[in-house]
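Analysis of the macromolecular model
Here's the letter readout for the chains.
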Amino acid sequence: MGLEIKIPAVGESITEVTIAKWLKSDGAAVKRDEVIAELESDKATFELPAEADGTLQILVAEGETIGIGTVIANIGGEGNGAAPAAGGAAPAKDATLAQPQADPVAPGQKESGSNGSQGSSAEKAPQSAKDPITQGEQNPQASDQSGYGGSVAGSADKPTAPATGGSAPASGGGEVKEMKIPAVGESITEVTVAKWLKADGAQVERDEVIAELESDKATFELPAEAAGTLRHAAQEGQTIAIGTVIARIEGGSGAATGAVPAAPAPAAAQGASSTSAQPAAAAASGSATYATGTPSPAAGKILGEKGIAATDVQGTGRDGRITKEDAQNAQARPAAPAPTPAAAPAASAQPAAPASAQPAGERVQRRERMSNLRKTVARRLVAVKNETAMLTTFNEVDMQPIMDLRTKYKDKFKEKHQVGLGFMSFFTKACCVALKEFPSVNAQIDGTDIVFNDFCDVSIAVSAPKGLVVPVIRNAEQLSFEGIEKEVVRLAVKARDNKLTIEEMTGGTFTITNGGVFGSMMSTPIINAPQSAILGMHNIVQRPIAVNGQVVIRPMMYLALSYDHRIIDGRESVSFLVRVKELLEDPTRLLLGV
C-alpha cells in the first residue's frame with residue numbers, strides 16, 4: 001500500500017476544507033514537495049504538496065468538502081512512470097481493473113452462476129470504494145476514470161506516455177534553488193501572487209525582482225535568491241501561505257532546460273492515439289457486462305437534462321459504459337429530425353414567442369475572486385458592526401472662514417513650502433486639539449482595560465486602486481500645517497502606487513475620512529478597529545443659514561462622528577464634535593490654542 005496523503009491541520013478553527021482543484025491528474029507521476037492540489041477553507045486557500053515521489057492515486061473528487069485528517073490520495077511506488085509504460089507492476093487499483101482481462105473465467109462464472117448478483121455487487125464494491133470520482137457532475141474528469149469508460153494514466157489499460165520526460169528536469173545540470181514565501185509580518189499568514197515580472201523559463205540574476213506579492217495590508221516585491229532559469233510554482237492571482245514554494249531557480253543556461261518539455265510531445269501524441277483506440281476496441285469486442293449501457297454520473301446527468309434515455313446511446317467506454325463524451329455527442333440525435341417537412345417549421349416557430357419576451361441588449365455577468373485586501377476589509381467592517389456599540393452624532397460647519405484664509409494665503413504657502421494648503425490640515429489640527437481635551441475619544445478597549453494615548457496618530461482613509469487603505473500620520477499633534485500637508489501627499493502617493501508598508505498602516509488612534517471628494521453629503525462612517533471613533537467629512541454645499549437674524553448663503557459641511565458607546569459617552573462625543581466645529585469656524589483659535 002502506498003503513502004496516504006491526509007488533509008493537514010491548517011488552523012485551530014478550521015474543521016473542514018474543500019478540494020478546490022486537483023493540479024495533478026489521477027495516475028500522474030509526482031515529485032516530493034510538488035504541489036498536487038488546492039484546498040479551500042472558509043478563510044483561505046492552501047496548497048497541498050506531495051509527501052513523496054511516486055504515482056498519484058486520487059481518492060476524493062474535486063469540489064468535495066471533507067474533514068481535517070481525511071485521506072484524499074495515495075502515492076505509491078517510485079514515480080518515474082516507466083513501469084506502467086513497460087507493462088510492469090501497476091498500482092493496486094489498476095491491477096484490480098485489469099484482472100477481468102487476465103482471467104476471463106472469473107467474470108463469466110460470476111455472471112452466469114447462481115450467485116451472480118452477489119458477484120456483481122462484490123465487484124462493484126471495491127471499484128466504488130477506490131474510484132476517485134464519486135460525484136461526476138461536480139468533476140468533469142469523472143468520465144475519464146477507469147470503470148467510467150475512460151482510462152487512468154499509468155494503469156494497465158493506459159500507459160503513462162509522458163513518463164520518459166517527467167524526470168528530465170531533475171537530470172538537468174545545475175543546482176535547483178527553491179524560493180519560498182518569506183515572513184512579511186506577524187499577522188500575515190498568506191499572500192497573493194499579484195504579478196509575475198519575469199516569465200516562466202526566463203533567465204534571472206540574483207536580487208532581481210521577479211514578482212509582486214500582495215497581502216491584505218500591503219504589496220511586496222520578491223527578489224531572486226540566485227541566478228539561473230526561473231520556474232514558476234504558483235500562478236498569477238493564486239493565494240498561497242507563508243513558507244510555500246513559489247518558484248524554483250535552476251542553474252545553468254535556460255536553453256537546455258527549456259528544450260526538455262518538448263520531448264514528451266510525441267509520446268503524448270502516441271498516448272492520445274492509443275487512448276482513442278481503446279474505446280473502439282472495447283466496443284468492437286461486443287463483450288457485454290454489467291457496465292454495458294450504464295452511464296457515468298456525469299453522463300447520466302447530461303442525458304437527464306437532455307431527456308435522452310440511456311438505451312438510445314451507444315457507449316464507447318470500457319465494457320460499453322456511456323462516457324461523458326457519449327452523452328454530449330448524443331445531442332446530435334434530437335437534431336436529426338430537423339429536415340422533416342412539416343414538423344420542423346412548427347417546432348422552430350414555437351420557441352420564437354418566449355425569445356421575444358427576453359430583455360433586449362446584452363446581459364453579461366462576470367465573477368472575480370476577492371482580493372486579500374477586499375476580504376480583510378469586508379471581514380473587519382462586519383466585525384466592527386457586530387462587536388461594538390457604534391453610534392453616530394452629527395453637526396454642521398460654516399466653511400467660509402477657512403475658505404477665506406486659504407484664498408488669502410494659499411499662493412504664498414505653496415511658494416514657501418512647495419505644497420498646497422488643503423482642508424485636511426485644518427481638520428487634522430482641530431481634531432488633535434479636541435482629542436487632547438477629550439482623551440476617551442483617543443482611547444481604545446483592550447480586553448477589560450481602557451488604553452489612553454497621550455499622542456495623536458491620525459489615520460487618513462485613502463481610496464487606492466486596489467481598495468481602501470488607511471495610512472497613519474504619526475504624532476500629528478506635533479506637526480505644523482506644512483508638515484501635515486506634506487505627510488498627506490506622501491502617503492497618498494504611496495497608496496496610489498501600492499507602496500505602503502505595514503508599519504505605515506498600523507497603530508492609528510483616530511481616523512478621518514473624507515467622502516466629500518466623491519460628492520457625499522452625509523454618511524455614518526464605520527469605526528476603524530481597534531480605534532474608538534472616526535470623523536467623517538462631506539461635501540461643501542451653499543445653503544441658506546441664519547446669521548444674526550439674517551438669512552445668508554454660506555458654504556456648509558456636515559460632520560459625522562461615529563464612536564464606540566462602550567467607551568465614549570454621549571457627552572464626550574457631542575462635546576468633541578462641537579469643539580471641532582468651533583476650531584474650524586474660527587481658525588485663529590488653532591494658532592492661539594484657545
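Residues numbered from 1 in each chain as written. Predicted model: local features only at pLDDT ≥ 70, side-chain atom pairs only at ≥ 80, totals over all residues. Heavy atoms only, no water.

In this section: the side chain of glutamine 531. Mapped onto the elements of the fold, glutamine 531 is located in the loop between strand S24 (510–514) and strand S25 (533–537). Among the polar contacts made by the side chain of glutamine 531, one reaches the main-chain carbonyl oxygen of glycine 508 at a distance of 3.2 Å. Looking at glutamine 531, its side chain comes within polar contact range of the main-chain nitrogen of phenylalanine 510, at 3.5 Å. For glutamine 531, the residues in contact, after removing those within four places along its chain, are Ser459, Gly508, Thr509, Phe510 and Thr511. (Helix = DSSP H or I, 4+ residues; strand = E, 2+ residues; numbered from the N terminus. Polar contact = N/O pair within 3.5 Å; in protein donor to acceptor, adjacent residues only side chain to side chain. Contact = heavy atoms within 4.5 Å.)

One finds Ile210, Ile246, Phe510, Leu559, Phe576 and Leu584 to be the most contacted residues of the largest nonpolar core, which totals 72 residues. Ranked by residue count, the leading element in this core is helix H16 (residues 423–437), at eight residues. In this structure, isoleucine 246 is in contact with Met179, Lys180, Ile181, Val193, Trp196, Leu213, Leu222, His232, Ala233, Ala234 and Ile240, ignoring residues within four places of it in sequence. Membership of the second largest hydrophobic core comes to 21 residues, among which are Ile19, Ile36, Ile72 and Ala73. (Core = buried A, V, L, I, M, F, W, Y, C linked by side-chain atoms within 4.5 Å. Buried < 20%, exposed > 50% of the residue type's maximum accessible area, 1.4 Å probe, protein only.)

On the basis of which strands lie adjacent, the open sheet formed by four strands has the order S5-S4-S2-S7 and antiparallel pairing. Of all strands in the sheet, those with a lone pairing partner are strand S5 (45–49) and strand S7 (65–67), marking the two edges. Strand-to-strand twist across the sheet, computed as the mean angle between neighbouring axes with direction ignored, equals 40°. Here five bridges tie strand S4 (residues 35–40) to S5, and the two strands are oriented antiparallel to one another. Paired with valine 35 across the two strands is proline 49, which belongs to S5. (Pairing = 2+ DSSP bridges. Axes fitted to C-alpha atoms, helices over the stretch in contact; angles between N-to-C directions.)

Further remarks concern helix H18 (residues 570–585). Since one α-helical turn is 3.6 residues long, residues separated by three or four positions face the same way. Here H18 is 16 residues long and its end C-alpha atoms lie 23 Å apart, about the 22 Å a rise of 1.5 Å per residue gives. Those residues of H18 not exposed but buried are Glu572, Ser573, Phe576, Leu577, Arg579, Val580, Lys581, Leu583 and Leu584. (Expected span 1.5 Å × (residues − 1).)

Bringing the sheet that holds strand S8 (residues 71–76) into the picture now. The strand order across the open sheet built from four strands is S1-S8-S6-S3, with neighbouring strands paired in antiparallel fashion. Lying at the two open borders of the sheet, with one neighbouring strand each, are strand S1 (3–6) and strand S3 (29–30). Direction of pairing for S1 relative to S8: antiparallel, over a ladder of four bridges. Residue pairing in the sheet places glutamate 4 in a bridge with asparagine 74 of S8.

So, about the pattern of salt bridges. For the structure shown, the criterion picks out 23 salt bridges. A salt bridge links arginine 369 to glutamate 40; the nearest nitrogen and oxygen atoms lie 3.6 Å apart. Taken together, the positions of arginine 369 in the loop between helix H13 (352–356) and helix H14 (372–387) and glutamate 40 in strand S4 put the pair 329 residues apart, joining distant regions of the chain. For the salt bridge of glutamate 437 with arginine 579, the shortest nitrogen-to-oxygen distance reads 3.1 Å. A residue pair is termed long-range when its members are at least 10 positions apart, and glutamate 437 in helix H16 and arginine 579 in helix H18 qualify at 142 residues. A relative accessible area of 41% places glutamate 437 in the partly exposed class. Each of Glu487, Arg490, Lys494 and Glu504 takes part in one network of salt bridges that share partners. (Salt bridge = Lys/Arg side-chain N within 4 Å of Asp/Glu carboxyl O.)

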